[in-house]
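A look at the structure
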Amino acid sequence: SGYRNLLELLSQKNQTVSMIVGGPSSGKTNLSRSLGEKFDGDTIYLPPSIVELCLSSPEFPSFCNKLESKLIILDRLDTLFDSPGRNPSLLLSTIQNLTSGFFKGILDIHFLIILEDSRLIHQIEKHLNVDFILELEDLEPKRATNLAKILGKTTKFTQPTPLSTIIRNKRYEKSMGF
């Protein structure tokens, strides 16, 4: 599956840029949390409100160098493309420098970019060498019903259903690590 392929990529390569793309309630956050939990290293979650500040700081590479392998989750990066006064090209350039520019081979760093707007994939790929893209779609009714059954529910779905709807409706409460 795409999840296993992404987890394998994160464990093998030294520096990667990956994306999880999906609409609202498609399971992006749950998936990124699970990847962060299973990642063999430190996971840093950066919400859109501070991502530019953190990554553009001159101290950020030194901070990252002090940690073991790092997974940097950039949640809802697409909101930066919609905000007036923000320059996403500068941010993408910074990510490029950290993964394949001056710091290539120095920092063991992985970026996981979370997007809702799939139209931004091409724009991001113009600036970054993206190693893996996982696009999430609603599950077909039969697959949604089967997953619900695995989670202990008896719900029968009759239309395509977002992953998070199935997860939220599970009988038991179990955290995915956060």
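For the structure, see preceding data.
Parameters and conventions
- Residues numbered from 1 in each chain as written.
- Predicted model: local features only at pLDDT ≥ 70, side-chain atom pairs only at ≥ 80, totals over all residues.
- Heavy atoms only, no water.
- Core = buried A, V, L, I, M, F, W, Y, C linked by side-chain atoms within 4.5 Å.
- Buried < 20%, exposed > 50% of the residue type's maximum accessible area, 1.4 Å probe, protein only.
- Contact = heavy atoms within 4.5 Å.
- Salt bridge = Lys/Arg side-chain N within 4 Å of Asp/Glu carboxyl O.
- Patch = residues over 30% accessible without salt bridge, like charges linked within 9 Å, V, L, I, M, F, W, Y side chains within 5 Å.
- Areas by Shrake-Rupley, 256 points an atom, 1.4 Å probe, with all protein chains shown as cover.
- Lys, Arg positive; Asp, Glu negative; His and termini not counted.
- Charge placed at Lys NZ, Arg CZ, Asp CG, Glu CD.
- Helix = DSSP H or I, 4+ residues; strand = E, 2+ residues; numbered from the N terminus.

**What about the nonpolar core?**
The biggest cluster of nonpolar side chains holds 29 residues, and the ones touching the most others in it are L55, L74, L77, I95, F111, I113 and I124. Leaving out residues up to four positions away in the same chain, I124 has contacts with M19, F81, L92, I113, L115 and V130. Core analysis: the next-biggest nonpolar cluster, separate from the first, contains 15 residues, L6, F39, L112 and F132 among them.

**Quick look at the pattern of salt bridges**
Summed over the entire model, instances satisfying the criterion amount to four salt bridges. We note a salt bridge from R76 to D78, for which the minimum N-O separation is 3.1 Å. Across the pair R119 and D117 runs a salt bridge whose closest N-O atoms are separated by 2.9 Å. In this structure R119 comes out as exposed when scored by relative accessible area, which is 68%. Its relative accessible area of 19% is what places D117 among the buried residues. One network of salt bridges, in which partners are shared, links K28, R76, D78 and E116.

**Observations concerning a negative patch on the surface**
Side chains of E135, E137, D138 and E140 sit close together on the surface and give a patch of like negative charge. Looking at where E135 falls in the secondary structure, it is placed in strand β5 (residues 132–135). Looking at E135, the relative accessible area reads 48%, which means it is partly exposed.

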